[in-house]
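Topology and contacts: notes
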Amino acid sequence: METATGALSRVITRLGVLLTDEYNLPKRMREEIMFLQSELESMEFALKKLSNTPTDQLNIQDKIWARDLSKLSDNIEDIIDTHMIPGKLNESSELSRIRRSIIAKIHLFQFYMIATGIRDIKIRVSEVHKRCPRYDVNLGVDKPTKPTVDPRLFSQYTMIKELVGIDETRDELIKILMGENGVPSQQGKIVSIVGFGGMGKTTLANAVYEKISAQFDCYAFVSVSQTPDLNKLFKDILYQLDRNKYDDSINETFVYEQQLINELREFLQHKRYFLVIDDIWDISVWQTIRRAFPDNDIGYIIITTTRNFGVAEEVGGAYKLKPLSLSNSQKLLYRRIFGNENKDNIEDTEKCLNKELAEVSKRILQKCGGVPLAIVTIASLLASKARNEIDWYDVYNSIGTGLSDSTDVVNMRKILSLSYYEMPSHLRTCLLYLSMFPEDYKIEKDRLIWMWIAEGFIQCENQGKSLFAIGDSYFNELMNRGMIQPIYERYTGLIYACHVHDMVHDLIRFLSSEENYTILNGVWYTSPLKLFRRLSLQYGKEDNAMDIGSLEHVRSAVVFPSAFCVMPDLQRFRVLRVLNLQDCDLSRGYSLKYLKHLFHLRYLGLCATHIAQLPKQIGNLKFLQTLDVRGNNMFSLPSTVLQLKDLMCLYIDEFTRVPNGIGSLTNLEVLSTLDITVSIDIIEELGQLMKLRVLHILLFIGWSGKLVECLSKLQNIEYLYIKTFGDNQWDFGGLDAWVAPRHLCRLDIEWPCWFSTLPARMNQSYLLDLVYLSIAVRDLGQVNLETLGRLPALRVLKLSVDPKNLGTLGGFIIGAGLFPCLVLFQFGGSIRPIVFQQGAMPRLEILNFEFCVQAARQITCNGDGPELGLGNLSSLQDVKIYLRSRGANKEEVRELEAALRHAVEIHPNLPKHQICG
C-alpha cells in the first residue's frame, strides 16, 4: 500500500503535466484527464487512511479493495510511461517541409496513443469504483500528516552505541579476553557473543573493539551475514589490516579464495592481531573463515557474534548476552524519550510522569523483555505522542505477547511494526526500498537518496528546497525514528552511509514482498510468476538460474556482483527508472546496446563495472538524473551526454574528459571530478552551473585566479575539492579574492595552491557549518590560528604554512576553549612548535605536525625538554612529529626526540607515536 500511495500521488502529478500547453491536447481529452485527477485524488485519500492501519487489522473487503487499487495505480503509471515518450520534438522553422510533416504525424500518433491510454485508465478506474462504491474507509486512526518527532532524539542517536549498562558488559568481556591486567597475552583467545536479534551483540563487540584495538599491531571489523561473499569478506579484512598495502589493486591481485586465505595467514603469522567477525549464521562458514587466521606465539583475539547458540559453542568461548535489567531498561527508555535531563535518575523522571504513565511504561518494558532494539523503537514511538496514558496504553495493547517469554522473531516484528505504521506513507515507502540491499550491507546515503528521487518517492513540496534536500530530511527522519543506523566518517563525524538492523531488515523484507518487490538471494522471497515492480539480485548461480518472469513492469533493478550471472538482458525492461550495476563486471560480454531504449531511466549506476565507454545513444535517456561511471577506464564521455538536460548528479573519474558545453547541464548539483586542465574555457562554463552543491575539480595553478570569478557565482557549494598541478612559482595567491559560501561544509584545496593569508570570512560568525578544512596559507599568525580555533563545527584541520614567513622565535599557542570539536590536526611546513594549554582541543585524537629543533629549544623547558602540553590533550590517540634538523647537531636532535617520546609515553592514553628527525 505504501508504494501504491506514492504511485497515485505521482500519477496525479503526471496527469497534470498533460494539461500543460506543451501537449496542447484537445478539449475533450483535457476534460477526461481532469475527471481522472479528481477520482484518483479521492482514491489517494482513502488509500492513505488504509495504509495507516497494520494489515492484520484490516478486514478482507478492505484488503481486496486496497490490492485492486494498488494494481490500478501501477497500471496507470505503466500506461503513462508507455505513451508519454520523453523528449521535446523540435519544430524549428529551419527544418525541411518533409521533416516537419513527419514530426506532425508523430505528434498525431502520440495524441492518439495518449487518448487510448486515457480511455483505458477510465475503464480501469470505473471497475475499481464499482467494486467499492464509496471511498469512505472507516478503518484506521487518523494521524497527522507530519507527526511530531522529539528533536532531541536526533542529537541523541549517536548515544545508541553507549546503551545503559554497556560499559559494565564491555569491561567484563575485556577481562575475559585479556585478564585482570588488561594486557593482551601471548596466547590466542576466541569469544563468541550470542543472543537473538536486537540484543546488542554488534554494539557490544564494537564497544570492545574501540576500547582495545589500539593495543594490537593490526585489527579489522567485518560482517558475515546469511549469504556471505567470502572473497569480498577476506579482501575487506586485508584492506582494514593494512590500507596502504592492500589498496584498490587487491581486486586484481587476489582472485581466488585460497589466495586470499594464504595472504591473510602470511600477513598475520607474526603479528598480534584483533578481529571481530560479526553475524555468523552457519558453522561451515566459520570453519572456512577460521582457516585464514593463524595461531601464533605473539597473541591474538577474535570476537564473533551469532544468533545461534550451537554456532557459538562450536566457535568457542560462548558469551551469552543477557537482557537489560528493569532498571537499565527504564534508564534507556527515559533517556530516549526525555533527552539528557534526569536520564539516569529514574525516581526524578517518574516524578515528571503521572502514576498511570509510570505504570504503563513499566508494563511496556516488561513486554520488551530487556531487548535494547525493542526499547529504543518503542521509545521513539512514545516520544512522538503526547504524555497521555490513553495513547501509551494503545501502544502497550498493540505490542502483543511481547518478548519476555519468547524469542520468536514474530514478536519483535510486531514491536517494530508499531513504529513502521506510525510513520507517514512517504517514509514507509522510502524505508521499504532498503530491502533492495542485502542484510548487513553498507548503504551509501547519497546513492540511496538519488535512487529515491529516481523512483519518484520524493516530491518537491517546498518551494526553494531541492529534491535532494528533501530526501536528506527523509533519511534523517528514518534515522531519528531508529529505523536505520547511521555510519559516520571517522574524523568529520558526517553521516555518509547507513546500516539496517537485522530485525528491521527482516520486517521490511517481509512487508516488501507484499509490495511487488522480488529479491533473489539464493531463494525467492516472492514467486517468479508474480507481477513485480522492483528486482534485487543479491545472490545466484548460473547452474541453478531460473526464469525471473516478466520484466516489462520493473521500475528498479539493483544487481550485486554475486548475482550478476543471472542478470537478464536489458531489452526485457520497458519502464525501468533505476538500473544499478555497481561493481559488476560488464567486460565479460554483457551488452549495454539496449540501454538506449530505456527511455524512462532516471538513475544509471555503472561504477566499477570495467567499461571503457558509454554508448553514443546515451543522449536518448532524456529523463536521466544520476550518472555514475567512476572506477572505469573511461577516458571521455560521448558528446551526447550534453542532451541530458535533467542530469543532477554526474560522477566521473578525474581523467575522464567531458565534452565542450558542460555549462548547458544547468540542473547539475553534483559534479565529481571535472578536469579543467585541458581547456581554460571550461572554467567559464562551470560558472553557469548555479545549482552545484558538490564540486571536485583539477586545474593548473596559473588558472586559479580565473577560477575565482566562476566560484563566486556558485553560492550553493557545500563541498569544494580542488586538486592543482603546475610549478609552485606560478601561484600568486589567485584564490585570495574568493569568498566562501555561507553553507560551506568541506573545503579541500591540495598544496601547492596557496592563499596569501587566511581567506576572507573564514570565522565563527560566517562559516557555522564548516567541518573539514584543508588549505595552504603563506602568512599565518597567532591571531589567524585563534580565528580558526573558534569555528564551531570544525573537526578536521589540515594546514600547511610557508616557513619563510614564520620566523624562528616562540611558538604557536592553542589556548583553552579553542578548537572544541577538532578530532584531527595536521600542521605542515611550520618552523615554530605548538604549545597546547589546558582545555585546548578536548576531542583531538590525531596530531600530526612538524617544527624546527632550534625553535623548540627556545621554548621554556621543564628540565626534560620543551613543554608542548601534549598531556593537556585529553583525547589524544595518535601522534606523529617531524623535526626539522637544519641548524642543529645530531645530539640536539636526539635529545629533543627523547624528550618528546617521553612526553608521549607518560600520556595517560598511551597514544601511538612516531617521532623522527
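To keep things clear, this report deals only with the structure shown in the data block. What you are looking at is a predicted structure, and each value in this text was computed from that prediction instead of being measured.

Looking now at the sheet that holds strand β3 (residues 273–278). An order of β2-β3-β4-β1-β5 is seen for the five strands of this open sheet, with the pairing classed as parallel. Sheet topology places β2 (218–223) and β5 (318–320) at the edges, where each strand pairs with a single neighbour. Here the strands of the sheet are splayed against their neighbours by 15° on average, with no regard to which way each runs. In terms of strand pairing, β2 meets β3 through six bridges, oriented parallel. The residue bridging Tyr219 from the neighbouring strand is Phe274, located in β3. Helix-sheet contacts for helix α6 (residues 166–178) involve β1 (189–194), β4 (300–306) and β5, and the interaxial angle to β1 is about 150°.

Attention shifts here to the nonpolar core. With 118 residues, the main nonpolar core has Met567, Leu579, Leu686, Leu695, Leu707, Leu799 and Phe819 as its most contacted residues. Among all residues touching Leu695, those that are not within four sequence positions of it are Leu671, Leu686, Leu711, Leu714, Ile717, Tyr719, Leu720 and Tyr721. Counting residues in hydrophobic clusters, the runner-up holds 52 residues, among them Leu373, Tyr420, Tyr441 and Phe560.

Remark: helix α13 (residues 326–338) packs on helix α15 (residues 355–368), axes separated minimally by 10 Å, with the N-to-C direction vectors making an angle of 110°. By the angle between their axes, α13 is roughly perpendicular relative to α15. Once α13 is placed against α15, the crossing between them reads as right-handed. Mapping the contact onto sequence places Leu326, Ser329, Gln330, Leu333 and Tyr334 in α13 and Ser361, Lys362 and Leu365 in α15.

A word on the pairing of strand β19 (residues 746–749). Here β19 shows a buried face lined by Arg746 and Asp748 and a second buried face lined by Leu747 and Ile749. With four bridges connecting them, strand β18 (residues 719–725) and β19 associate as parallel partners. Among the inter-strand pairings, Tyr721 is bridged to a residue of β19, identified as Asp748. Bridge analysis of β19 against strand β21 (residues 772–777) gives three bridges, and the strand direction is parallel. Bridge pairing links Leu747 to Leu773 in β21.

We now examine the pattern of salt bridges. Summed over the entire model, instances satisfying the criterion amount to 22 salt bridges. Of the charged contacts, one joins Glu786 and Arg790 as a salt bridge, the two residues approaching to 3.8 Å between their closest N and O atoms. With a relative accessible area of 41%, Arg790 lands in the partly exposed category. Through salt bridges with shared partners, a single network forms among Asp167, Arg170 and Asp171.

Basis of the calculations
- Residues numbered from 1 in each chain as written.
- Predicted model: local features only at pLDDT ≥ 70, side-chain atom pairs only at ≥ 80, totals over all residues.
- Heavy atoms only, no water.
- Pairing = 2+ DSSP bridges.
- Helix = DSSP H or I, 4+ residues; strand = E, 2+ residues; numbered from the N terminus.
- Axes fitted to C-alpha atoms, helices over the stretch in contact; angles between N-to-C directions.
- Contact = heavy atoms within 4.5 Å.
- Core = buried A, V, L, I, M, F, W, Y, C linked by side-chain atoms within 4.5 Å.
- Buried < 20%, exposed > 50% of the residue type's maximum accessible area, 1.4 Å probe, protein only.
- Parallel < 35°, antiparallel > 145°, perpendicular 65-115°, else oblique.
- Left-handed = near helix turned anticlockwise from the far one by under 90°.
- Salt bridge = Lys/Arg side-chain N within 4 Å of Asp/Glu carboxyl O.

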